[in-house]
Amino acid sequence: MPQQGYLLIADIAGYTAFLTRGELEHAQDILSTLFHALLDNTRYPLIVSKLEGDAIFSYAPGKSFVNPQILLETIENLYYVFADTQEKMHRNTTCTCTACSLIPTLDLKFAMHYGEFLEVNIGGSQEISGADVILVHRLLKNTITEKTNVKAYAYFTKASIEAAQLTEMAAGMLPHTENYEHLGDVEGYIHDLKPVWKAQREARRVRVDPEKADFIVTRDFPIPPATLWDCMLKPEYRNIFNSSTKTDYAGLKLGRVVRGSEFHCYHGKRLTRQTVVDWHPFDYYTSEDSTSMMLMNGMKTVYTIYFVSNGENTSVQLALGSPTHTNLFMQKLLNLMWKNGMGQMFYQEISKGMQNLKARIVEDLAAGKIAQAVLINHVE
Ligand SMILES: [Zn+2]
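Bear in mind that the values here come from a model prediction, so they are computed numbers and not experimental data. (Residues numbered from 1 in each chain as written. Predicted model: local features only at pLDDT ≥ 70, side-chain atom pairs only at ≥ 80, totals over all residues. Heavy atoms only, no water.)

1. Considerations on the environment of F110
Here F110 lies in strand β4 (residues 107-122). Residue class for F110 comes out buried when judged on its relative accessible area of 1%. (Helix = DSSP H or I, 4+ residues; strand = E, 2+ residues; numbered from the N terminus. Buried < 20%, exposed > 50% of the residue type's maximum accessible area, 1.4 Å probe, protein only.)

In structure tokens, the structure reads:
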């Protein structure tokens, strides 16, 4: 039976020129390091379908992404891995051969499409095929770099933008139409990856070190990090985690939660502002919370939630730091209160929230409401 889903190709650009111009031995080592870094990080919800020389072809079932930004972040993360690996290799080599000096000329490009495909068994291995699979492969031959000078990019077809509800985020991308023989015009958007990577790399790290945290709450969840991250963006799940009655967003960038965005969680009339001060999908994020409660005005609590991949599961670790206050006198009072029960109270609240969230996720997973269930059903 045909299925619907996302089709993604990650392709190392400059590969051929690199192999023909560079000393073969080092050229192959370099490409193999980059390729394996990518392959190791092509994780659920992406399923690797086929390795194609310098490219990795993967796909994800149609319901794999709940929040549109998760799809973008999945691709951006793969680019970060590539760019970081590339930079490290370039920095660490003292070799002056042509291959080693050409490391910075390699780039990564993605083509993403949404459509129909069939699973077929070819020589004992499961592959997918269909007209849309052919189309996404054709997309690799394009005039993007030539016309826009963008070298590292993700090209999303209009079909994939619509399926993933990325229309608002696509406003920050470059519209681009490509014409193919027999296929006609393919409309889409170019997401330039280099500036995104630069911004992410230059962003200040704000993390509560678990070893220096006042309290640590840990819990294992039966879903992979990207799926849990996806769930925790949803107001429905945030309300369970925060014991709140309503959750709003503020400071979104083209509809996307980024560093600086806020979750507003309401407990009846009381409002807690959770400001995202560091955002590293799907590894960790740091939140700085303040509340509208009179006595706590000026007080801030900071915590980092780490998502550690553990096979198909995620070990979550929330590291809670000491609260701060803008007023020096209040800070001293707060320190005293924190040591004498208030910290413990926060810890209990967070533990309870995390436990409730886990219970709900286990329940929804069993009911087939979470993407992981899609994957399990789909294998049958
Ligand atoms: Zn070399």
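2. Section: helix α10 (residues 225-233)
Extensive coverage of α10 is indicated by the burial of 9 of its 9 residues. Of the residues making up α10, those classed as buried are P225, A226, T227, L228, W229, D230, C231, M232 and L233.

3. Examining the coordination of the zinc ion
Around the zinc ion, the protein contributes the donor atoms H26 (ND1), C95 (SG), C97 (SG) and C100 (SG), at 1.9 to 2.3 Å from the metal centre. Taken together, the 4 donor atoms coordinating the zinc ion span angles of 106 to 113 degrees at the metal, a pattern that classifies the geometry as tetrahedral. In primary sequence terms, the donor set of the zinc ion follows H-x68-C-x1-C-x2-C. Here H26, found in helix α2 (residues 24-41), pairs with C100, found in helix α4 (residues 98-101); they are 74 residues apart in sequence, far enough to count as distant. Relative accessible area serves as the criterion here: at 30%, H26 is assigned to the partly exposed category. (Donors = N, O, S within 2.8 Å, 3.2 Å for Na, K, Ca; no water. Tetrahedral: all angles 85-135°; square planar, octahedral: opposite > 155°, others 65-115°.)

4. Details of the environment of A152
Assignment of secondary structure puts A152 in the loop between α6 (144-148) and β6 (153-157). In this structure, the C-alpha to C-alpha distance between A152 and W229, residues 77 residues apart in sequence, is 26 Å. With residues near it in sequence (within four places) discarded, A152 still touches Y79, D107, L108, H191, D192, L193 and K194. (Contact = heavy atoms within 4.5 Å.)

5. Re the pattern of salt bridges
In the structure shown here, the tally under the stated rule is 13 salt bridges. D248 is paired through a salt bridge with K246; the nearest N and O atoms lie 3.8 Å apart. Relative accessible area serves as the criterion here: at 29%, D248 is assigned to the partly exposed category. Assessed through its relative accessible area of 42%, K246 is described here as partly exposed. One salt-bridge network, in which partners are shared between bridges, spans K234, E236, R360 and D364. (Salt bridge = Lys/Arg side-chain N within 4 Å of Asp/Glu carboxyl O.)

6. A word on the pairing of strand β13 (residues 284-291)
β13 sits mainly inside the fold: 6 of its 8 residues count as buried. Of the pairings in the sheet, the one linking strand β12 (residues 270-280) to β13 comprises 8 bridges and is antiparallel in character. Within β13, the position partnered with H280 by the bridge is Y284. Taking the residues that link successive antiparallel strands as the turn, the β12-β13 hairpin has 3 residues. Bridge count for β13 against strand β14 (residues 299-310) is 6 bridges, and the pairing is antiparallel. (Pairing = 2+ DSSP bridges.)

What is shown is where atoms sit, not what they do.
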